[in-house]
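# Working through the structure, step by step
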Amino acid sequence: MKLEKHQRAAAARILYGPNTLLAHVVGAGKTFEMVSSAMESKRLGLCHKSMFVVPNHLTEQTAAEFLKLYPAANILVATRKDFEAKNRKTFCSRVATGDYDAVILGYTQFEKIPMSYERQAAFLQEQIDQVMAGIDELKRSQGERFSVKRYEQQQIKLQEKMEILQQRMNDRKDDVITFEELGVDRLYIDEAHNYKNLMTYTKMSNVAGISTTEAQKSADLFMKCRYLDEITGNRGTIFATGTPVSNSMVELYSVQRYLQYDTLMQNGLQHFDSWASTFGETVTALELAPEGTNYRAKTRFAKFYNLPELMQMFREVADIQTADMLKLPVPKVNYHNIKTKPSEIQ
């Protein structure tokens, strides 16, 4: 079996480059790109154990494609029974002690492997510090009172989470195997657009596309990505999706937080408000309401600035391949316009 040119280039990019987003059109062969890069990385000593996180219904299919490309690979595939309460610890022990080329999990199984309490506490404290910095900045710049209260509400929620976590730390048992103890140093996320709802702390309100509610699976993945950045030097996370940006530019910011958080920090863009003021502007306009009976004011990102700089930064991690770029061999479509006469009821 021989990989296509763009597949070899994508695998090489993963080997040589930092965290990578495989933004390839559907049907481009992203699974083989991930599999080949994982095996080559282990062969070259660039990583020791890779973990593939895929939609729940695709674990067996991913394993079959893995073995199709590397029939002798030593892989471990999680089943539904493996993550039942009585079997979860045994499975995690197998992952931690086994010398596997890859471990393949579903989304829900991946969420059940926790980070250590200490790292969760440090992550929460970092978020609290960011919110407090936002409050201080708003007060210095005489910001709107509503925006300050919005930040203060977010701070209260985070502090409540910290108190709950502290209670768990006091009551914990030492029989839980954490993500850090698995020995995983390369993480592949298939269909990564399912994790786009990452909590955004912002003074903006009622702006279309900005998620101000936290999706637990996205927060969990972000924490694990930050851990891998720490132990691999920003080389341990690979996302694959055919739709990296589907609804709003905020999704682009979320991808950058996952894959190039340190780059955002170096440029002073880790806070969404800083990122948004650098690359975009919100515009309020009248739009037809969904029911079609009246109009309503809707605020959304409608103007963008510094796009060359934004794309240059994004391209440091993104490998983009569209259908027009690849010209994949697909069946020719023949379109026919069929005219039908209206019925008596019509």
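The text that follows walks through the structure, step by step, so that each part is easy to find. These numbers come from a predicted model, not from an experiment.

Scoring rules and cut-offs
- Residues numbered from 1 in each chain as written.
- Predicted model: local features only at pLDDT ≥ 70, side-chain atom pairs only at ≥ 80, totals over all residues.
- Heavy atoms only, no water.
- Axes fitted to C-alpha atoms, helices over the stretch in contact; angles between N-to-C directions.
- Helix = DSSP H or I, 4+ residues; strand = E, 2+ residues; numbered from the N terminus.
- Parallel < 35°, antiparallel > 145°, perpendicular 65-115°, else oblique.
- Left-handed = near helix turned anticlockwise from the far one by under 90°.
- Contact = heavy atoms within 4.5 Å.
- Nonpolar A, V, L, I, M, F, W, Y, C, P; charged D, E, K, R; others polar.
- Buried < 20%, exposed > 50% of the residue type's maximum accessible area, 1.4 Å probe, protein only.
- Pairing = 2+ DSSP bridges.
- Salt bridge = Lys/Arg side-chain N within 4 Å of Asp/Glu carboxyl O.
- Phe/Tyr/Trp six-rings, centres within 6.5 Å; stacked < 30°, edge-to-face > 60°.

Moving on, we come to the packing of helix H9 (residues 250-259) against helix H12 (residues 307-314). Running from N to C, H9 and H12 cross one another at 40°; their axes reach a closest spacing of 11 Å. One way to sum up the angle between H9 and H12 is to call them oblique. Crossing geometry of H9 relative to H12 is assigned as left-handed. When H9 is examined against H12, the residues Leu252, Val255 and Gln256 are found in contact with a partner set consisting of Leu310, Met313 and Phe314. Residue composition of the contact of H9 with H12, grouped by class: five nonpolar, one polar and no charged.

Turning to the pairing of strand S2 (residues 50-54), a few remarks are in order. In terms of burial, S2 is largely enclosed, as five of its five residues are buried. Here S2 shows no split at all, with Ser50, Phe52 and Val54 on one side and Met51 and Val53 on the other all buried. With five bridges connecting them, S2 and strand S4 (residues 102-106) associate as parallel partners. Its bridge partner lying in S4, Ser50 is registered against Ala102. Bridge count between S2 and strand S5 (residues 186-190): four bridges; the pairing is parallel. Bridge pairing links Ser50 to Arg186 in S5.

All told, the structure shown has 10 salt bridges when counted by the stated rule. Close ionic contact of Glu40 with Arg43 constitutes a salt bridge, the shortest N to O distance being 2.7 Å. A residue pair is termed a helical-turn pair when its members lie 3 or 4 positions apart in one helix, as Glu40 and Arg43 do in helix H2 (residues 30-43) at three residues. The salt bridge involving Arg226 is made with Asp262; its shortest N-O contact spans 3.6 Å. Taken as a pair, Arg226 in helix H8 (residues 216-232) and Asp262 in helix H10 (residues 261-266) lie far apart in primary sequence, 36 residues in all. The class for Asp262 is partly exposed, based on a relative accessible area of 26%. Connected via shared salt-bridge partners are Lys42, Asp99 and Asp101.

Tracing the sequence through the fold places Asp101 in the loop between helix H4 (88-97) and S4. Looking at Asp101, the relative accessible area reads 13%, which means it is buried. Ignoring sequence-local partners within four residues, the contact set of Asp101 consists of Met39, Lys42, Ser50, Ala73 and Asn74.

In this structure the tally under the stated criterion is 14 aromatic pairs. Aromatic side chains Phe52 and Phe66 sit 5.7 Å apart centroid to centroid with 80° between the ring planes, which places their arrangement in the edge-to-face category. With Phe52 in strand S2 and Phe66 in helix H3 (residues 59-69), this residue pair connects regions lying 14 residues apart in the sequence. The burial state of Phe52 is the same as that of Phe66; both residues are buried. Relative to Trp275, the ring of Tyr253 lies with its centre 5.3 Å away and its plane at 50°, an arrangement referred to as tilted. Taken as a pair, Tyr253 in helix H9 and Trp275 in helix H11 (residues 272-279) lie far apart in primary sequence, 22 residues in all.

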